[in-house]
Number of protein chains: 2
Amino acid sequence: MNNLPDKTVERLSQYRRSLNNQLAKGKTHIFSHEIANLLHITPVQVRRDIMLIGYSGTLRKGYDIQDLVNLIGQIIDTDNGQNIAVIGMGNLGKAFIHYLYEKRTKLKIVAAFDVNPDKINKSYADVYCYHMDQLEEIIAKESIKIGIITTPPEAASELADRLRDAGLKGILNYTPKPLSEREGVYLEEYDMITSLEKVAYFVKNK
Amino acid sequence: MNNLPDKTVERLSQYRRSLNNQLAKGKTHIFSHEIANLLHITPVQVRRDIMLIGYSGTLRKGYDIQDLVNLIGQIIDTDNGQNIAVIGMGNLGKAFIHYLYEKRTKLKIVAAFDVNPDKINKSYADVYCYHMDQLEEIIAKESIKIGIITTPPEAASELADRLRDAGLKGILNYTPKPLSEREGVYLEEYDMITSLEKVAYFVKNK
DNA sequence: TTAGAATTGTTAAAAATTTAACAACAAATT
DNA sequence: AATTTGTTGTTAAATTTTTAACAATTCTAA
Ligand SMILES: NC(=O)c1ccc[n+]([C@@H]2O[C@H](COP(=O)([O-])OP(=O)(O)OC[C@H]3O[C@@H](n4cnc5c(N)ncnc54)[C@H](O)[C@@H]3O)[C@@H](O)[C@H]2O)c1
Ligand SMILES: NC(=O)c1ccc[n+]([C@@H]2O[C@H](COP(=O)([O-])OP(=O)(O)OC[C@H]3O[C@@H](n4cnc5c(N)ncnc54)[C@H](O)[C@@H]3O)[C@@H](O)[C@H]2O)c1
């Protein structure tokens, strides 16, 4: 199950989120068009994605939500979860820690790092903040494989090297400075301004 | 210039960001492959996008950065900028306000809204936070056209209706609850968990 | 018990996006 | 002055992603 289209992988994550909500409401089965409504995409796309991961629903009864959630888990989770570090315990770093803390997911933020003495050696939402000097040590000890960069942009590039050298395999960069690719490290970037300017463009032109 | 592919619009925003950095460093001209490196995409894609917006560089000299920045501005900005509101002055709301405050862009956050008395009637990074009761009034007064939702997810759906009724044309939803489409309102969603699970998937499978 | 409605799974078609290929030509080098 | 090198702009091809179409099947209810 390792040749799924990129876009399908993204949607699987969203399916699971919505499906869990439905489960919480006591629903056990769901139709493709219901999932589609939840995510405002088309039912065909839902059915096709589900086909690609090799799951089958029952005709006229829909998909068993729990089964589907489990299967998605098998595909996108690792068996015992993956440990994550946040580097830069500012507004954004805190927002993410707080956010992930509320969800129970296999992705777990197990450490934060900063250089500011005010932030260090304290916990925020159960995540302990270490000094940057301990970066390599803690990454090794906690076998952290993914890092989220929320420092000021100036620090990002050097930091990414350090993370790579410490053995990280994935980096999520929220800094507005785009990073160059590093061999063996999957890189994902996000800049809010891109989203915002996209909205602005469509507001202007539609 | 209003039939650009979605993906090109997204990239234009990123081009501008990087180009401005280069300008700041005193560079005046740039080659397609340099832009490509900055964003880790291919030079062809850069050239093609630039072609689509109708700009021409000079052979063997590259693109005039200032001209290109100006042209991108003409395409994605409105003439006198666009006013934005943030609803929900928590960690994430603050992070965005702080972030946009530092950039000089035509997109300007002119108001924040919250229900918590601790947050109301104070300014954060020059943005004044109003009580939700004043939402419609301030939106009209400041002719706000775009809203960023950073409240708890429970509030999102009702809020989106209220924003639509108040005349907003674009909504950026950072709440993990996907909103349904509203006639006449461009909607963009972002959920960090999707990015994170995508990284986790590729870390696991590559 | 038959006809009609609803829903899945899948193949095929369409649309969107990215990549390749290369002609044109300016600048640098011989 | 001739040749090589580097770079753009653009058309065409390839790839990826979305949408359409529909056969198969189950349920509902006439
Ligand atoms: N991509 C987006 O959508 C988006 C949105 C908002 C902010 N941002 C960016 O995210 C980053 C953080 O934003 P914020 O509002 O949380 O800023 P912030 O100033 O609140 O937080 C930055 C934190 O990083 C720490 N830090 C500074 N240098 C460091 C270093 N070398 N190593 C480790 N930690 C260091 C600081 O002590 C601080 O705690 C900024 O780069 C900002 O531009 C991005
Ligand atoms: N999409 C993402 O990547 C991402 C990341 C982190 C957090 N989040 C989400 O963003 C939202 C905000 O996160 P946060 O960490 O800033 O939370 P927070 O609790 O710090 O902030 C929420 C703010 O909204 C205010 N609020 C509550 N109800 C409101 C209402 N009805 N109207 C107006 N304001 C109201 C609260 O007073 C508070 O100030 C949450 O929904 C969270 O799940 C999303």
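Because the structure is a prediction, the values reported are computed rather than measured. By convention here, each chain's residues receive numbers from 1 onward along its written sequence. Each chain gets a letter, beginning with A, and each ligand a number, beginning with 1, in the order they are written. Thresholds applied to this predicted model are a pLDDT of at least 70 for local features of residues and 80 or more for the giving and counting of side-chain atom pairs; totals over whole chains, interfaces and linings are not thresholded and use all residues. Values reported for side chains reflect all heavy atoms of the structure, with hydrogen atoms and water molecules removed beforehand.

Think of it this way: one heavy atom of a residue within 4 Å of a molecule or strand is enough to make that residue near it. Around ligand 2 there are 26 residues in total, and Leu-92, Asp-114, Thr-151, Tyr-174 and Met-192 of chain B lie nearest to it. Notes on ligand 2: free accessible area 850 Å², of which the protein chains cover 84%. Helix numbers and strand numbers start at the N terminus; a helix is a DSSP run of H or I with at least 4 residues, a strand a run of E with at least 2. Contributing elements (two or more residues each) for the shell around ligand 2: helix H5 (91-102) of chain A together with helix H5 (91-102) and helix H7 (153-165) of chain B. Residue contributions to the shell around ligand 2 peak at four residues, all from H5 of chain A. For the accessible areas, the method is Shrake-Rupley and the probe is 1.4 Å, while residue cover comes only from the protein chains on display.

What follows deals with the protein's contact with DNA strand D. Not every one of the 24 residues close to DNA strand D is listed here, only the nearest: Arg-60 of chain A together with Ser-32, Gly-57, Leu-59 and Arg-60 of chain B. Atoms of DNA strand D within 4 Å of the protein belong to the sugar or the phosphate in 55% of instances, the rest to bases. Within the side chain of Gln-45 of chain A, a nitrogen or oxygen atom sits 3.1 Å from a phosphate oxygen of DNA strand D. Here a polar contact is recorded for every N or O atom pair within 3.5 Å, except that within protein the pair must consist of a potential hydrogen donor and a potential acceptor, and residues adjacent in sequence are included only if both atoms are side-chain atoms. Residue Arg-47 of chain B places a side-chain N or O atom 2.8 Å away from a base oxygen belonging to DNA strand D. When residues of the surface near DNA strand D are traced back to their parent elements, those giving at least two are helix H1 (6-24) and helix H3 (43-52) of chain A together with helix H2 (32-39) and helix H3 (43-52) of chain B. Tallying contributions element by element places H3 of chain A first for the surface near DNA strand D, with four residues. Counted by class, the surface near DNA strand D contains seven nonpolar, eight polar and nine charged residues. Each residue gets one of three labels, nonpolar for Ala, Val, Leu, Ile, Met, Phe, Trp, Tyr, Cys and Pro, charged for Asp, Glu, Lys and Arg, and polar for the others, Gly among them.

It is worth spelling out the relation of the copies chain B and chain A at this point. Superposing the copies works by least squares over the C-alpha atoms of residues that have pLDDT at least 70 in both of them. Once turned by 180° and shifted 0.0 Å along the axis, chain B lies on chain A with an RMSD of 0.1 Å. Taken together, the turn and the small shift mark the pair as related by a two-fold rotation axis. When C-alpha distances to the rotation axis are compared across chain B, the minimum falls at Asn-91 of chain B, with a value of 2.7 Å. Whether two residues are in contact is decided by their heavy atoms: any pair within 4.5 Å suffices. When the interface residues of chain B are mapped onto chain A, 100% of them again lie at the interface, so the same face is used by both copies.

Moving on: the protein's contact with DNA strand C. Contacts to DNA strand C come from 24 residues, most closely from Ser-32, Ser-56, Gly-57, Leu-59 and Arg-60 of chain A. Counting only atoms of DNA strand C within 4 Å of the protein, the sugar-phosphate share comes to 56%. Ser-32 of chain A is positioned with one of its side-chain polar atoms (N or O) 2.7 Å from a phosphate oxygen of DNA strand C. In the environment of DNA strand C, a phosphate oxygen lies 3.0 Å from a nitrogen or oxygen atom belonging to the side chain of Tyr-63 of chain A. Listed by contribution, the elements that provide at least two residues to the surface near DNA strand C are helix H2 (32-39) and H3 of chain A together with helix H1 (6-24) and H3 of chain B. With four residues, the single largest contributor to the surface near DNA strand C is H3 of chain B. Residue classes in the surface near DNA strand C are distributed as seven nonpolar, eight polar and nine charged.

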